[in-house]
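Observations on chain architecture
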Amino acid sequence: MRIKVFRRIAQILTVLLIIAIPVLNKKGITLVTGTLYSLAIDGIWITDPLSGLQVMLSTLSADSALLLSMLIPIILAFVFGRVFCGWMCPQNTISEFFDYISRKIPPLPPFSKGGMGGLQIFNITPSAKPRYAIMILLLALAPLLGFPVANLISAPGIISVQVSKYFYEGVVGLEIGLIGLIVIFEIFLLRRVWCNYVCPVGGFLGLFRLGKTMKVIYTEDAEHVCGGCLECAKACQLGLNPMEGKIYPLCHNCGECIVICEKIKDKGKPLRFSF
Amino acid sequence: MPLIGYSECFPYFQETILSRKLLRPPGALSEIDFIAKCIRCGKCTQVCPYRSIRIASLMDGLTIMGTPFIKAREIPCYLCMKCPPVCPSGALDRNLKHKKDVRMGAALINRKECLAWQGTICRSCYQSCPIFDEAIRLDSELRPFIDKKKCVGCGICENVCPVEPAAIIVKAK
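Residues numbered from 1 in each chain as written. Chains lettered and ligands numbered in written order. Predicted model: local features only at pLDDT ≥ 70, side-chain atom pairs only at ≥ 80, totals over all residues. Heavy atoms only, no water.

Turning our eyes to something else, we now look at the overall build of chain B. Helix and strand counts for chain B stand at 5 helices and 6 strands. Traced from its N-terminal end to its C-terminal end, chain B shows the element sequence α-α-α-β-β-β-α-β-β-α-β. For chain B, the proportion of its 173 residues judged to be buried stands at 55%. Counting only contacts in chain B whose residues sit at least 6 apart along the sequence, the fraction spanning at least 24 positions is 65%. (Helix = DSSP H or I, 4+ residues; strand = E, 2+ residues; numbered from the N terminus. Buried < 20%, exposed > 50% of the residue type's maximum accessible area, 1.4 Å probe, protein only. Contact = heavy atoms within 4.5 Å.)

Right, dumping it as structure tokens:
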């Protein structure tokens, strides 16, 4: 259960950070500034690598400060995998919440084909290909159109910028509607469609993987006995089965499969995080 | 200066970008370079102590959605120079330190509406100009005129103009 507690704390802290930054900055406390596109923590700059790459592509130049600020998210992805997505991204938090709620509602026709009790009409096997295709298209469009096109659909960026805009201007832009569209799509059409098939931010972070990157591993031997209950696959909102392996780059290391496995088995757990 | 990228290949696209003419924060690159470099993070809006900088929304256009701009008539830029150094991508020139070097645009006087040019005594814009007696000067009959080489485009004159709508407005560069 420790994983779940830590992850919930990380998710809540991220949401609090998004709200606290504009509130504190408005009062003149500028120790931490920025949004999820780019944060500045007392002189340490952290920038969304996808935004940075688009700027470099559309200006055909590299700014050393920008490059340096992209390093922290890239190193984080190399070490821990896509924990930004699974542990911090506010869109994932929102999607996860609504997915949890929609599973609690008994399915009625025509909303009964989505597999494990959801309302979704469609049910397809997860694949990373559509997400890569969208990411490559957006990265090609950025230099062609001359602006960071992928940021038009960067859900975490839009959420944090619009929260900031709300506290400063008292209004939000229409782009916040994207979040509502995602939620409606995910409840009624295709489960967790945004993170699995669309999000260019997650797609790009998924590129930074090595053999040593933190991953969910499944071991079946004398010490680790798996009963084959498949509760881990049911616990995965992204529809992945950690017993089959090959869950990357879609898996964002949220650890829900490990949490449910720990709940069922006291010792000899076949699922765990490993480097 | 960054290369412009391939947006030059799309003259129509470039025209629509340039036709919007938003007043950008101090240190902003030329409009085409600015929208290519700005990652829409909104940091400049957060450090602005006067809340001069706003964030453009989807309704303002896809190309400028999320970019910062200033409505000088409501809140002008007071040239505190806090925003250029926080820009993560260099869309605002981080090395810009002195307010006299800012070139956001230039003020333009509508002489048919300007009180001073119509014979009433008014020195609102002249007295509030931060580049005092350089960007806006008075002629022998105490009528204001603008030195476009000195004007930084902060919009304080547009903000204080007593005429409605303002007889002096800032045209973005």
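Resuming the write-up.
Once that is clear, we can look at the packing of helix 1 (residues 2–26) of chain A against helix 13 (residues 256–264) of chain A. Residue and element names in this part refer to chain A. Close contact between helix 1 and helix 13 brings their axes to 8 Å; oriented N to C, the two are set at 145°. Judged by residue contacts, I3, K4, R7 and R8 of helix 1 engage E256, I258 and V259 from helix 13. Grouping the constituent residues of the contact of helix 1 with helix 13 by class yields 3 nonpolar, no polar and 4 charged. (Axes fitted to C-alpha atoms, helices over the stretch in contact; angles between N-to-C directions. Nonpolar A, V, L, I, M, F, W, Y, C, P; charged D, E, K, R; others polar.)

Attention now moves to the pattern of salt bridges. Going through the model one piece at a time under the given rule, you end up with 17 salt bridges over all chains. A:R7 serves as the salt-bridge partner of A:E96, at 2.7 Å between the closest nitrogen and oxygen. In this pair, A:E96 is assigned in helix 6 (residues 90–104) and A:R7 in helix 1, connecting sequence segments 89 residues apart. Each of the two residues, A:E96 as well as A:R7, counts as buried. Across the pair B:R54 and B:E74 runs a salt bridge, and its minimum N-O distance is 3.1 Å. Here B:E74 lies in the loop between strand 2 (68–70) and strand 3 (105–109) and B:R54 lies in strand 1 (residues 53–55), a separation of 20 residues in the sequence. (Salt bridge = Lys/Arg side-chain N within 4 Å of Asp/Glu carboxyl O.)

Moving on, we get to the sheet that holds strand 3 (residues 44–47) of chain A. Residue and element names in this part refer to chain A. The 3 strands lie next to each other as 1-2-3, forming an open sheet whose pairing is antiparallel. Strand pairing shows two members of the sheet lacking a second neighbour, strand 1 (32–34) and strand 3, which therefore form its edges. In this sheet, neighbouring strand axes are inclined to one another by 15° on average, regardless of whether the strands run parallel or antiparallel. Bridging between strand 2 (residues 38–41) and strand 3 involves 4 bridges; their strand directions are antiparallel. In the sheet register, A40 faces strand 3, and the bridge partner there is W45. Packed onto the sheet, helix 1 meets strand 1 and strand 2 and runs at close to 105° relative to strand 1. (Pairing = 2+ DSSP bridges.)

Residue and element names in this part refer to chain A. Pairing between strand 1 and strand 2: 3 bridges, direction antiparallel. Counterpart to V32 in the pairing with strand 2 is I41. Between the end of strand 2 and the start of strand 3, which pair antiparallel, lie 2 residues, with D42 showing a positive phi angle near 45°.

With that settled, the discussion passes to the packing of aromatic side chains. Enumeration according to the criterion identifies 7 aromatic pairs over all chains in this entry. An angle of 75° between the planes, with centres 5.3 Å apart, marks the rings of A:F97 and A:F98 as edge-to-face. The exposure class of A:F97 is partly exposed, given its relative accessible area of 48%. Taking relative accessible area as the criterion, A:F98 reaches 30% and is therefore assigned partly exposed. Seen in terms of ring centroids, B:Y126 and B:F132 are 5.0 Å apart; in terms of plane orientation they differ by 50°. Their pairing is tilted. Looking at B:Y126, the relative accessible area reads 11%, which means it is buried. Residue class for B:F132 comes out partly exposed when judged on its relative accessible area of 46%. (Phe/Tyr/Trp six-rings, centres within 6.5 Å; stacked < 30°, edge-to-face > 60°.)

Each side of the interface is counted separately: chain A has 39 residues, and chain B has 38 residues. In this assembly, chain A packs against chain B so that about 3,300 Å² is buried in total across both faces, 64% of it on carbon and sulfur atoms. One can count 1 salt bridge joining chain A with chain B. Where B:R94 meets A:D63, a salt bridge forms, and the shortest distance between an N and an O atom there is 2.6 Å. (Buried area = accessible area lost by both parts, 1.4 Å probe.)

This next bit is on the state of the cysteines. Residues and elements named next belong to chain B. According to the stated counting rule, one finds 0 disulfides over all chains in the structure shown. For C77, which is in no disulfide, the shortest distance to another cysteine sulfur is to C83 and amounts to 6.2 Å. What makes C77 buried here is its relative accessible area of 7%. No disulfide involves C114; its sulfur sits 6.1 Å from that of C125, the nearest cysteine. (Disulfide = S-S within 2.5 Å.)

Our focus in this paragraph is the confidence of the model for chain B. For chain B, per-residue confidence averages 87 on the pLDDT scale, and residues scoring 70 or more make up 88% of the total. Throughout residues 1–7 of chain B the model reports pLDDT below 50, and contacts reaching past four residues in sequence, or to other chains, amount to 24 contacts. (pLDDT = per-residue confidence, 0-100.)

Turning next to helix 9 (residues 177–188) of chain A. Residues and elements named next belong to chain A. Here helix 9 spans 17 Å end to end across 12 residues, near enough to the 16 Å set by a 1.5 Å rise per residue. For helix 9, the set of buried residues is L178, I179, I182, V183, E186 and I187. One side of helix 9 holds all its buried residues, which, seen down the axis, span an arc of 165°. Those residues of helix 9 hidden inside the fold are in contact with helix 6, helix 8 (155–169) and helix 10 (193–198). (Expected span 1.5 Å × (residues − 1). Arc of directions from axis to C-beta.)

With that out of the way, let us pick up the domain arrangement of chain B. All names here are of chain B. Domain boundaries assigned for chain B yield domain 1 (11–86) and domain 2 (105–172). One C-alpha centre belongs to domain 1, the other to domain 2, and the line joining them spans 23 Å. Listed as interface residues are 11 residues of domain 1 and, on the opposing side, 15 residues of domain 2. Buried area between domain 1 and domain 2, both sides added, is near 980 Å², and the carbon and sulfur share of it is 57%. Its largest share of buried area at the contact with domain 2, domain 1 owes to L23, R73 and L79, together 59% of the area lost on that side. (Domains from an automatic or database assignment.)

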